[in-house]
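# Secondary and tertiary structure notes
Spelled out from the first residue to the last, the chains are:
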Protein chains: 2
Amino acid sequence: MDPQARQPAAAATLRDVARLAGVSVSTASKALNERPHVRASTREAVRAAADQLSFSPNSLAQGLSAQRTGTVGLLTSDLEGRFSIPVLMGAEDAFGSDRVAVLLCDARGDAIREQHHLRALLARRVDGLIVVGARPDVRPSIGRVPVPVVYAYAPSDDPGDLSLVSDNERAGAMAVEHLLASGRRRIGHVTGDPTYGAARDRAAGALAALERAGLELAGGEPFYGAWSEEWGRSAQRALLRAVPEVDAVFAGSDQVARGVLDALREAGRRVPEDVAVVGFDNWEAIATGSRPSLTTVDLQLQHLGRVAAQRLSAAMSGDARQGVERLPCRLVVRASSAPRD
Amino acid sequence: MDPQARQPAAAATLRDVARLAGVSVSTASKALNERPHVRASTREAVRAAADQLSFSPNSLAQGLSAQRTGTVGLLTSDLEGRFSIPVLMGAEDAFGSDRVAVLLCDARGDAIREQHHLRALLARRVDGLIVVGARPDVRPSIGRVPVPVVYAYAPSDDPGDLSLVSDNERAGAMAVEHLLASGRRRIGHVTGDPTYGAARDRAAGALAALERAGLELAGGEPFYGAWSEEWGRSAQRALLRAVPEVDAVFAGSDQVARGVLDALREAGRRVPEDVAVVGFDNWEAIATGSRPSLTTVDLQLQHLGRVAAQRLSAAMSGDARQGVERLPCRLVVRASSAPRD
DNA sequence: TTGTACGCGTTATCAC
DNA sequence: GTGATAACGCGTACAA
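Note that the structure is predicted; figures quoted are calculated from it, not measured. Every chain is numbered on its own, with residues counted from 1 as its sequence reads. Throughout, the order in which chains and ligands are written sets their labels, letters from A for the former and numbers from 1 for the latter. Local features in this predicted model are restricted to residues of pLDDT 70 or higher, and side-chain atom pairs are both shown and tallied only at a pLDDT of 80 or more, whereas totals for entire chains, interfaces and linings draw on every residue. The basis for the side-chain values is all heavy atoms of the structure; hydrogens and waters are excluded.

Helix and strand definitions follow DSSP, with helices as H or I runs of at least four residues and strands as E runs of at least two, each counted in order from the N terminus. Scanning chain A from terminus to terminus reveals 13 helices and 11 strands. Burial status follows relative accessibility: with a 1.4 Å probe on protein chains alone, a residue under 20% of its type maximum counts as buried, one over 50% as exposed, and anything between as partly exposed. Considering chain A as a whole, with its 341 residues, one finds that 55% of them fall into the buried category. Considering only contacts within chain A whose residues lie at least 6 apart along the sequence, 70% involve residues at least 24 apart. Element-wise, carbon and sulfur atoms account for 50% of the exposed surface of chain A, whose accessible area totals about 14,600 Å². In what follows, residue pairs with any heavy atoms lying within 4.5 Å of each other are defined as contacts. In short, Shrake-Rupley with a 1.4 Å probe defines the accessible areas, and a residue's cover is counted only from the protein chains shown.

Set out below in structure tokens:
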């Protein structure tokens, strides 16, 4: 196995193609780029030569002369988390992978590292930037940079920036309205860390929906705690003690919901017959593995990524927006919230 | 909010810096690049000018003349999955984010799209390529490309390629040896899809370890099925029927292990007192949310990513390897496998 | 020590 | 219709 054979010669350049086709470099360029004023036979000859050499234009050179790289940076702080990935995928397919490539940088929650990555991305002359925060709360703007920026998931603290976020308040209302529609009236809310704006927004939406129905939250207040199953279990036990007749629980995350389900089963309550449960996140592995499978709210992050890419494209074309844009969530109905007979 | 103000003028070039410092472009270049034969005062003047203009060299131009882009491509098929992300993170910090940036492409399991992305990455003249498969099985080589390639997670079918994979067989043995050390003797194996090479490798390692101890697998055969909690529950019920005296279960994934735990609890068995359980994957949310928390095998994918980056760097320096390199896994001991008194 | 000239690969302008 | 020329921004021989 000759190492030389495994690494073929350097890629062909336009000059090689031109030489082989017996034309000048500029003619070859026009021929391959569908430019007018090229004889058909010449065009064919150039194409043939390009094919033969498996020519593929050097995007560095293209970018250098065109002043655009066809590259966008994605600056995240939540790579191991599951939120930036769908955003990334949405962005990827909205841009079209043939036109734009994504340079990924993970700051891992470190502001210094973020600055560092930011510089690196700008040095690479990305055409635009998507900033995905680690948690759905207001985060510091990266400041003024020479390219358009869109914030996704976590909004920027600078109202002059454009931020795209999930509409958590509306989502909380949706969850409760669904429970009401399935015939529930004593609805509790067990959720996670109250320092998360998303937790408070979801709770606010839920409370508003209850109020519109002339109802109060079972237990009086939301049960704030941690984003864990363990918290879900203990909070649900407390909720059952406080309001034994509770007939539905809206959980702030799917993990919390799993804990809620466990506690209900241990207390001898049937789901969904006695108590309905709605989760949040539509985390596939969690929501479909549970018994029963979990009705939950999908943040539609991939859609959020697509919109981010569209807004970024628009901004790169000079059509920039500002402010915070809230995107809708979607309720995914499974077994845990079947209507009451 | 003047849009002009939000998008400052185009980035400064070396020419701007040189002009401001009152020197030639080449002198400015030498000054900034720590080259010799530059008077200290000149160097300082250039640096000051660069600072003032927030100069940052255009990597496109650098790459064009240096024939290297400082960019590697990561071609994955498993973005939404949780396997390529740790690999990516490991690669990122092994390269050093200041030296190399990662271009991410997700083929989403489509061979056509993979070819497409491959071309795009090569057009961008990446210095190297990491290919992360969708599942831990042999996959088609991407063939001969003009840059070094390392396969991670899923090995290439071409022995001339370099592949880095987890040592699943050794990991299966580790799991069983741990159970034996904790005083268990009737050990069953509930695992997932038998078309996964990793499932068979883990089972083989487990069987070999049992044989070395002069024992047989409880139930005779591994319980193959699906990578789901549901399968874990039903398989464990079957295992209990077949071998009521089973005192340990090695599960092929953490999800399967969760199902096993559920079935055991329903059957009135205490974990770890009556039956010990070991999972696989160290999927944080699954393994620490369970009751009790799950002893499990960590694939150390981030380490795998780091090694991939090292091998790629070596190959870019002309020092290429071939074949399949198996990297060790690590047992993470939690509550579900506490030793027997 | 500093500056001039050229090359990296491509595209666009303008002669021919 | 075609081809020479300049330009994109940087690094680096080589000349001064």
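All names here are of chain A. Looking at where Arg 68 falls in the secondary structure, it is placed in the loop between α5 (59-66) and β1 (71-76). Taking C-alpha positions, Arg 68 is 9.9 Å from Gly 128, a pair spaced 60 residues apart along the chain. What Arg 68 contacts, discounting residues up to four positions off in sequence, is Gly 63 and Asp 127.

This part covers the protein's contact with DNA strand D. We call a residue near a molecule or strand as soon as one heavy atom of that residue lies within 4 Å of the molecule or strand. In the vicinity of DNA strand D lie 24 residues, with Thr 27, Lys 30 and Thr 42 of chain A together with Leu 14 and Gln 62 of chain B positioned nearest. Across the atoms of DNA strand D situated within 4 Å of the protein, the share located in sugar and phosphate is 66%. Taking Ser 24 of chain A, its main chain carries an N or O atom lying 3.1 Å from a phosphate oxygen of DNA strand D. The definition of a polar contact used here is a pair of N or O atoms within 3.5 Å, where within protein one atom must be able to donate a hydrogen and the other to accept one, and adjacent residues in sequence count solely through side-chain atom pairs. One of the side-chain nitrogen or oxygen atoms of Ser 29 of chain B is found 3.2 Å away from a phosphate oxygen of DNA strand D.

So, about the state of the cysteines. When the sulfur atoms of two cysteines share a covalent bond, that bond is a disulfide. In what follows, a disulfide is any cysteine sulfur pair within 2.5 Å. By the definition in use, this model includes zero disulfides over all chains. Not engaged in a disulfide, the cysteine Cys 105 of chain B finds its nearest cysteine sulfur in Cys 105 of chain A; these two sulfurs lie 14 Å apart. Assessed through its relative accessible area of 6%, Cys 105 of chain B is described here as buried.

Residues and elements named next belong to chain B. Just to be clear on terms, a salt bridge is a Lys or Arg side-chain nitrogen sitting within 4 Å of an Asp or Glu carboxyl oxygen. By the definition in use, this model includes 50 salt bridges over all chains. Of the charged contacts, one joins Asp 106 and Arg 108 as a salt bridge, the two residues approaching to 3.8 Å between their closest N and O atoms. Taking relative accessible area as the criterion, Asp 106 reaches 2% and is therefore assigned buried. According to the relative accessible area criterion, Arg 108 is partly exposed, its value standing at 26%.

The strand order β10(A)-β5(A)-β4(A)-β3(A)-β1(A)-β2(A)-β2(B)-β1(B)-β3(B)-β4(B)-β5(B)-β10(B) describes an open sheet built from 12 strands, whose pairing is mixed. What marks the edges here is a single partner per strand, and that holds for β10 (323-327) of chain A together with β10 (323-327) of chain B. Neighbour-to-neighbour, the strand axes of this sheet turn through a mean angle of 25°, independent of strand direction. Pairing between strands is defined by DSSP: at least two bridges between the two strands are required. Strand direction decides the pairing type here: strand β5 (residues 162-166) of chain B and β10 of chain B, joined by five bridges, are parallel. To get an axis, a line is fitted to the C-alpha atoms, and for a helix only the part in contact is used. The angle between two axes follows their N-to-C directions and goes from 0 to 180 degrees.

Moving on, we come to the relation of the copies chain A and chain B. One copy of the chain maps onto the other through a rotation about an axis followed by a shift along the same axis. Least-squares fitting of chain A to chain B yields an RMSD of 0.1 Å, with the transformation described by 0.0 Å of translation along the axis and a rotation of 180°. The relationship between the two copies is best expressed as a two-fold rotation axis. Across chain A, the smallest distance between a C-alpha and the rotation axis is recorded for Leu 103 of chain A, namely 2.3 Å. The fraction of interface residues of chain A whose copies in chain B are also interface residues reaches 100%, indicating that both copies meet through the same surface. Here the copies are matched by least squares. The fit uses the C-alpha atoms of residues with pLDDT of at least 70 in both.

As a further point, take the protein's contact with DNA strand C. Around DNA strand C sit 25 residues in total, of which Leu 14 and Gln 62 of chain A together with Ser 26, Lys 30 and Thr 42 of chain B are the nearest. Between DNA strand C and Arg 35 of chain A, the relevant distance is 3.3 Å, taken from a phosphate oxygen to a side-chain nitrogen or oxygen of the residue. For the surface near DNA strand C, the elements supplying multiple residues, two or more each, are α3 (25-32) and α5 of chain A together with α3 (25-32) and α5 (59-66) of chain B. For the surface near DNA strand C, the residue count by class is eight nonpolar, 14 polar and three charged. Classification convention: Asp, Glu, Lys, Arg as charged; Ala, Val, Leu, Ile, Met, Phe, Trp, Tyr, Cys, Pro as nonpolar; all other residues, Gly among them, as polar.

With that settled, the discussion passes to empty space enclosed by the protein. To find the voids left in a structure, one rolls a probe of water-molecule size over its atoms. Cavity and pocket criteria rest on a 1 Å grid covering protein atoms alone: a 1.4 Å probe that fits but cannot get out defines a cavity, protein on both sides within 12 Å along at least 5 of 7 lines defines an open pocket, and an atom within 4 Å of a point defines a lining residue. Grid points are joined across faces, edges and corners, and a volume is the space filled by probe spheres set on the points. In this structure the tally under the stated criterion is five cavities of 30 Å³ or more. Quantified by volume, the largest cavity comes out at close to 210 Å³. Taken together, 13 residues make up the lining of the largest cavity; nearest its centre are Leu 60, Thr 71 and Arg 124 of chain A together with Leu 60 and Thr 71 of chain B. Within the residue set of the lining of the largest cavity, elements represented by two or more residues are α5 of chain A together with α5 of chain B. One number sums up the size of the second largest cavity: a volume of about 80 Å³. In terms of lining residues, the second largest cavity is bounded by Arg 233, Arg 258 and Asp 262 of chain A together with Arg 258, Leu 261, Asp 262, Arg 265, Gly 289, Ser 290 and Arg 291 of chain B.

Attention shifts here to the nonpolar core. Only buried residues count toward a nonpolar core. Its members are Ala, Val, Leu, Ile, Met, Phe, Trp, Tyr and Cys residues joined through side-chain atoms within 4.5 Å. Core analysis: the biggest nonpolar cluster contains 92 residues, and Ile 130 of chain A together with Ile 130 of chain B have the highest contact counts within it. Ile 130 of chain A has contacts with Gly 73, Leu 74, Leu 75, Ala 91, Phe 95, Val 150, Ala 152, Ala 308 and Leu 312 of chain A, leaving out every residue within four places of it along the chain. Core analysis: the next-biggest nonpolar cluster, separate from the first, contains 30 residues, Leu 122 and Tyr 151 of chain A together with Leu 129 and Val 145 of chain B among them.

Our next topic: the domain arrangement of chain A. The start and end points of each domain follow an automatic or database-based domain assignment. Its domain assignment divides chain A into domain 1 (3-56), domain 2 (69-166 + 301-327) and domain 3 (168-299). Centre-to-centre, using C-alpha coordinates, domain 1 of chain A lies 37 Å away from domain 2 of chain A.

Quick look at the interface of chain A and chain B now. A common measure of how large an interface is: the accessible area buried when the components associate. Every contact between the two is made by 64 residues of chain A and, on the other side, 64 residues of chain B. When chain A packs against chain B, the two sides together hide about 5,700 Å² of surface, and 48% of this comes from carbon and sulfur. Applying the counting criterion to the chain A and chain B interface returns 31 residue pairs in polar contact (both at pLDDT 80 or more). It is strand β2 (residues 101-106) of chain A that provides the largest number of residues to the side of chain A that touches chain B, a total of six residues. What gets called buried area is simply the loss in accessible area from a 1.4 Å probe that two parts show on being joined, summed for both.

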